[in-house]
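Residue-level structural notes
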Amino acid sequence: MLDRSPMRTCRVKRRCAYWVIVGMTLAASMQFNRQAGAAEDATRYMSAEAAEFFERTVRPALAEHCYECHSGADDDLQSELRLDTLAGLARGGAAGPAVVPGNVDESLLVSAVRYEAFEMPPAGQLPTPIADNLAKWVAMLDDGFAAAAEQLPVGESAPVQSGPHWSFVRPQAVDPPPAPAGESVGEIDRFVRAALRNANLAPAAAATPRDLLRRLHYDLTGLPPTAAETAAFEADPSDSAYEREVDRLLAAPQFGERWARFWLDLARYADTRGYVFQESRDYPNAWKYRDWVVGAFSGDMPYDKFIVAQLAGDQLEDPAVAPASGFLTLGRRFLNNPHDIIDDRIDVVTRGLLGLTVACARCHDHKYDAIPTADYYSLYGVFASSAETAREDLPPALVDKPEPVTPVVFLRGNPGMPGPSVPRGFLTCLSTDGPRPFEHGSGRLELAQAIASPDNPLTARVWVNRVWAHLAGRGLAATPSDFGVRGEPPTHPELLDWLACRFIADGWSTKALIRRIVLSRTYRQSSAPADNGSAALAENVDPENRLLWHARRKRLDLEAFRDSVLAAAGSLDLTVGGPPVSIVDDDAPPRRSLYGFIERQNLPAFFRTFDFANPNTHTAARAETLSPHQALYMLNSPLAMQAACQLAARSEAALRDGQADDPSGAGAISARAGDASFNETQARVAAMFQFALGRAATDAEIAKAAEFIAEGRDPLEDSPPTRNPWNYGWGAFDPQSQHVDFHALPHWTGDAWQGGPALPDPALGWVTWRAGGGHPGTPDHAAVLRYAAPAGGPCRIAGRLAHPAEQGDGVRLRLVSSRGSVLGEWAVHHGETLISVPDATLSAGDELYFLVDCQGGDAYDSFELSVEITATDPSAAPRVDRFADGFHGPLPPPLDRWQQLAQVLLMSNEFMYVD
Amino acid sequence: MINRRDLLTRCGMGLGALALGELLAGEAQASRAVNPLAARQPHFAPRAKRVIHLFMNGGPSHLDTFDPKPALRRYAGQILPGDTPTTERPTGAVLDTPFKFRRHGSNGIEVSEIFPHVAKSIDDIAVIRSMHADVPNHEPSLLLMNCGDARQIRPSLGSWLVYGLGAENQNLPAFVSMCPGGYPIQETQNWQSGFLPGIFEGAYLDTQHEAVEKLIEHIRNGRISPGRQQAQLRLLSELNALQAGPAPDPALDSRIQSYELAFRMQTEAAEAFDVSREPQAVRDMYGPGVQARQILIARRLVERGVRFVQVWHGAGQPWDAHDDLEINHRNLAGQCDQAIGALLVDLKQRGLLEETLVIWGGEFGRTPTVELPKEGLNAGKVNGRDHNHYGFSMWMAGGGVRGGYVHGATDEFGFRAVENRVHVHDLHATILHLMGFDHTRLTYRHAGRDFRLTDVHGNVVNELLA
């Protein structure tokens, strides 16, 4: 990736903030001068050859390495030297002329980057080839260049260009470079390998069948292959078998689900509106749009039609596209501020479909791209001329207003400062014959058509690049939503163009595009660099793997991660479509994560922890962070616990039932797992590996896992100290032995423990425990609260017992230790009493019984109880256990060894990364 | 040589006391033996070892807190003489401060009445009245203040410091960011590790919660003992090593480290975040409320060697007083003043202030002119101030900072920093200097270039050093 200078982007922001157009004159002139950022014509001051070399080589280097201090007219400009305009280069700065035409030695620009006259840039000397290129360009200049100093204004920081920006020129399908003799590779590979050869690099070897199949499955469906699928492909990894697998996955409903989610990131999809005052927070039918997108990808709707449906579906008279309007209408509501809603729509359309940051032109002409403010308001007019209508069972639609609005420029983006009017229309820089106002209604359909047009230089390129980025882990152009001057230029421009042209020729078929890419040798190469010395060179000259000398290892995103956990557990529900469900609750249904409810305003931590796309705005690419919170999730979350238990059970069932238990695990007991020489433990480990990782375990892995299973017991394994120490039951005190016989209460109502669903229970009577208190039964059915000491040492027991009722005869609390001693006794009737044992001593595992009995009759004996047990050893870990805090329903048991092992497999790097 | 199994046997269950990362590095991780969180020495002897950054997000008004301007009263209701610099929104006439200022400390530094407790420690504080930033918008200014760059993905100050210094306590996150009730705007980008390894990213805690299991999601697990979880991580590391290719992959290394950190957090965090373990007198000193609690947690964390603690006032941008500034600032200062004052006194009493740098401030200040009413933005009220990046105040205390000192000045009205201007980059350079770093030499090679927090900018403000 090029190092784009921080200061430059600062500047953009700054201008966004306070670029002021004062007075009507300037603003009015914008109508006539729509070529903002218009090119200075370099060929007037240098030969065509020099100009081309300047644009291709010199200017990008200056932009990358020098602009941060030497561009713009700001305070930050260093040494009064501007290198972003021809005049600036010709005039030089405080130290004198930067460029002396034809004279390399006298040109400070060259000697500075060679660390001779100055040491520029100060952060580190530039590589020699860059300096040599500057020198070469200076040598190409003649006195004609000096005229630039006089004839051109130093100007704003409009970029010097001799021609239009690359992405504004229609892609040309150049023939791929020839393959070297003996290499039989497809067109994509011929582009990629030519670039590698130029850099003296070699591609990596082909990925192993297992890695390739896993990669393909995740890329196309977001799910791992089953062990059986992997085994079958390993048995026949031929090209034709691979091709069949590609076609099968492209036809699977899971393909549509996976690729719909990518689109939803661009569409800033959510199931709620974001911050609202009083109206309902939900978009109740947003999911109809989501399902429509799934269907569009599954059915391979041509991408041009896909765009028109989402921008102007209301004008297509096709009821099937009705939900598509959600693309525009499901954004954040900005407290219903119409200008911000329109701005959001302009942004989602232009960044999403065109890779242009048009929203930057809301307040001022775009400082880098040829997008004048007038263009922004031309689009603004399109949306301002469209009204939103609510519909039964569908997301809101946009329809044209009866009378379209003629937009005016808002000076500084301020609706209170209306400027000149502009026609509704498309972006000037993409209109080959000059701006043409839209003529029909709002112009939304014309806008859609102008975008979804083979003549649009951006649309196909931007989409093709996004598809490439999802498959390869990085776009050919690394800034997929910014194809403007400040975006990353493509690493393989001819390949990008060729793919874009083929995409259009293929009828805008996304599936054909994906098929073409995944069938390439480039896609199928290993993520491990070639093992032939070339890798060391490659690491040096191309550490970021821009030239694709190996495949890119990818971390599972949130959806693929959670879906994979459920798949390994054998619980994944593959139902397609429908209303959203919570995927963060403890008992969340095992639907694919695509169907998770997305709360825009308060996105649950799970989404943020795993780098979900921010639903407030278009997301070009997700982050890949690593945090201890992700680790805590896998160590301790209910999902991780549940999946570990299910995976362990699955491996056991597979062992018991052989191969027949589960069609997706048909191969689970294949190969190694069915090895007759295995003992039961080894076979079960092998089965577990098959379910979790889709492959046979190695001998070393089986040995490690078996060792783990057989390790000595941890004394706390069955009663982890983090386990809730409180239990709720009934029993009686035996004065002879000073012991309590404790029986857990069998029935949990959701907030209380009791003898059965109804009270009194036929057998146990009124015995009840609830948060903060309870009720005893008959004298031999006392309510007994049990505390199992998680740690030993001295402690203080304090609390309060209350009996609120006037009636009855009150209750009595006995505090009894499992060591057979009564620590205290308290009775109360219509009042309360404090409980205090200041100096108890417990050993880990000791039990304390708080036995409350009815003292005779059990009528009117509801009682309140608080208990607090505080460890008092200053040298031990502090600990306080409170009855009220810890009140709980049924607890799942501690994990057994197999469940522990299953969890480890789900946490492994292999599980989380795709090679 | 002791093998791992021997070590485990000898240490019994006391493994937590050892850095698991180092243990694993000894065997399973073999050649990847460097623990990125091991404590390291900076370039030169540091003045401060830890930082508490009290982030008043939204942009507190310097004119109503630490930069009194009598001219505001003289010109109240009049148009500012000269030009009115452009800020985010239109502003009108001069707005006087509703608050009184009094002189404090041995140098008579003026502090607003809304920060009486902070004022008591003014002799330990260096007030910078000449801060300036780049733009009057929250998002870029937050990123500039936190990451040194307004827009691009760059590591935050805390990440840089942990990268440079490692962790003093291996059982707690080295970099903690606390914010009650949700995220500030720009969310987790404020404490991102950017292109630095993910292990240096700040750990976020929602301090509206008190119980540790609510403070840190999934911190407790009643279904597995610590000993068995350790055994799981050992096996995990062994299985990962069996699968690892010949080339080291930093992302995979970070991942096992993040598991080890998570494991240790479970035991230490519960204790560190439980302010109920503080004596009543200390809790009383900090006062009631969530601000007091999280500021007291901050002290407990630095006391345990957490390197960088960021304390955000609240979700969103609470100090963003576009209207009702008087009510807003009085409320917010009232929520945190006592606790901040207590923090300074408490740190000092414990001998921690010398090596703990306390930083107070927002992402920018506010205009001396009143924000004009605008529908949907400020409730049509004319009693607030717009954002102001041209000049604002921050203060630092402890950690080698010159106490009882005022640095720089804004113009007569407090609009622009004019004297001894301190850009955010200069502040960063100074903070790094106090932590023992030459800011031009604390670099990380990424994408073929050495990056640094201050990019190509920044000068250490020597006058701020004690």
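For every chain, the first residue of the written sequence is number 1, and numbering continues from 1 along that sequence. Whichever chain is written first is A, and whichever ligand is written first is 1; the rest continue in order. Owing to the predicted nature of the model, reporting of local features is limited to residues with pLDDT of at least 70; listing and counting of side-chain atom pairs is limited to 80 or more, with chain, interface and lining totals taken over all residues. With hydrogens and water excluded, all non-hydrogen atoms of the structure serve as input to the side-chain values.

**Thoughts on the overall build of chain B**
The cut-off we apply is this: To qualify as a helix, a DSSP run of H or I must reach at least 4 residues; to qualify as a strand, a run of E must reach at least 2; elements of each kind are numbered from the N terminus. Here's how the labels work: a residue is buried when its accessible area is under 20% of the maximum for its type, exposed when over 50%, partly exposed in between, all with a 1.4 Å probe on protein chains only. Residue contacts are counted whenever heavy atoms from the two residues lie within 4.5 Å of one another. Note on areas: Shrake-Rupley, 1.4 Å probe, and residue coverage restricted to the protein chains presented here.
The helix and strand tally for chain B stands at 13 helices and 18 strands. By the burial criterion, 64% of the 466 residues in chain B qualify as buried. For chain B, the proportion of contacts with a sequence separation of at least 24, taken over those separated by at least 6, is 78%. Of the roughly 15,800 Å² that chain B leaves accessible, carbon and sulfur atoms contribute 49%.

**Examining the packing of helix 20 (residues 493-505) of chain A against helix 21 (residues 510-518) of chain A**
Residue and element names in this part refer to chain A. How we decide: Note on geometry: axes are C-alpha line fits, over the in-contact stretch for helices, and angles between N-to-C directions span 0 to 180 degrees. For this classification, under 35 degrees means roughly parallel, over 145 means roughly antiparallel, 65 to 115 means roughly perpendicular, and everything else is oblique. Helix crossings are classified by the rotation of the near helix relative to the far one: an anticlockwise turn of less than a right angle makes the crossing left-handed, while a clockwise turn makes it right-handed. Think of it as three bins: nonpolar holds Ala, Val, Leu, Ile, Met, Phe, Trp, Tyr, Cys and Pro, charged holds Asp, Glu, Lys and Arg, and polar takes everything else, Gly as well.
With their axes 9 Å apart at the nearest point, helix 20 and helix 21 run at an angle of 140 degrees to one another. Relative to helix 21, the element helix 20 lies oblique. In the crossing of helix 20 with helix 21, the sense of the turn from one axis to the other is right-handed. Between helix 20 and helix 21, the contacting residues are W498, L499, R502 and F503 on the first element and T510, L513, R516 and I517 on the second. Partitioned by chemical class, the residues of the contact of helix 20 with helix 21 number 5 nonpolar, 1 polar and 2 charged.

**Describing the environment of W395 of chain B**
All names here are of chain B. Its location among the elements puts W395 in strand 12 (residues 392-397). Measuring from C-alpha to C-alpha, the distance between W395 and P155 comes to 23 Å, with 240 residues separating the pair along the chain. Discounting chain neighbours no more than four positions away, the residues touching W395 are F66, V118, I125, A126, V127, I128, I340, L344, V358, I359 and W360.

**Focus on the interface of chain A and chain B**
Put simply, the test is: Any carboxyl oxygen of Asp or Glu that lies within 4 Å of a side-chain nitrogen of Lys or Arg is treated as forming a salt bridge with it. Under this definition, polar contacts are N or O atom pairs within 3.5 Å; protein pairs additionally need one hydrogen-donor-capable and one acceptor-capable atom, and for neighbouring residues in sequence, both atoms have to be side-chain atoms.
Listed as interface residues are 74 residues of chain A and, on the opposing side, 69 residues of chain B. At the junction of chain A and chain B, the tally comes to 3 salt bridges. A salt bridge links E711 of chain A to R228 of chain B; the shortest N-O distance between them is 2.8 Å. In this structure, the connection of chain A to chain B is made through 21 residue pairs in polar contact (both at pLDDT 80 or more).

**Side note on helix 10 (residues 227-235) of chain A**
Residues and elements named next belong to chain A. Using the following cut-off: Think of the arc as the fan of directions from the helix axis to the C-beta atoms.
Buried within helix 10 we find A227, T230 and F233. Buried residues of helix 10 fall within an arc of 130 degrees about the axis and therefore sit on the same side. Each element contacted by the buried residues of helix 10 is listed here: helix 9 (209-221), helix 11 (239-251) and helix 28 (680-693).

**Some words on the sheet that holds strand 15 (residues 821-828) of chain A**
Residues and elements named next belong to chain A. Let me state the cut-off plainly: Each pair of strands is called paired provided DSSP finds at least two bridges between the two strands.
If you trace the 6 strands from one edge of the open sheet to the other, you get 7-6-12-17-14-15, paired in antiparallel fashion. Looking at which strands have only one partner, the edges of the open sheet turn out to be strand 7 (739-744) and strand 15. Strand-to-strand twist across the sheet, computed as the mean angle between neighbouring axes with direction ignored, equals 30 degrees. One ladder, built from 6 bridges, connects strand 14 (residues 811-817) with strand 17 (residues 847-853); its direction is antiparallel.

**Describing the packing of aromatic side chains**
In plain terms, the rule: Centres within 6.5 Å are what make two rings of Phe, Tyr or Trp a pair, Trp counting through its six-membered ring; a difference in plane orientation under 30 degrees is then read as stacked, over 60 as edge-to-face, and the rest as tilted. A positively charged side chain is recorded as over a ring if its NZ (Lys) or CZ (Arg) lies within 6 Å of the ring centre. The angle to the ring normal must also be within 35 degrees.
Enumeration according to the criterion identifies 61 aromatic pairs over all chains in this entry. Ring geometry for W263 of chain A against Y303 of chain A: centres 6.0 Å apart, planes inclined by 85 degrees, an arrangement best described as edge-to-face. With W263 of chain A in helix 12 (residues 253-266) and Y303 of chain A in helix 14 (residues 303-312), the pair connects residues that are 40 residues apart, well separated along the chain. There is no split in this pair, since W263 of chain A and Y303 of chain A are both buried. Seen in terms of ring centroids, F610 of chain A and Y633 of chain A are 5.5 Å apart; in terms of plane orientation they differ by 80 degrees. Their pairing is edge-to-face. Highlighted residues: F610 of chain A in the loop between helix 25 (605-609) and helix 26 (628-636) and Y633 of chain A in helix 26, separated in sequence by 23 residues. Taken together, the ring pairs in this structure connect W263, Y269, Y289, W292, F297, Y303, F306, F327, W463, F503 and W508 of chain A into an aromatic cluster. Here the guanidinium or amino end of R228 of chain B rests over the ring plane of F708 of chain A, the centre of that ring lying 4.7 Å away.

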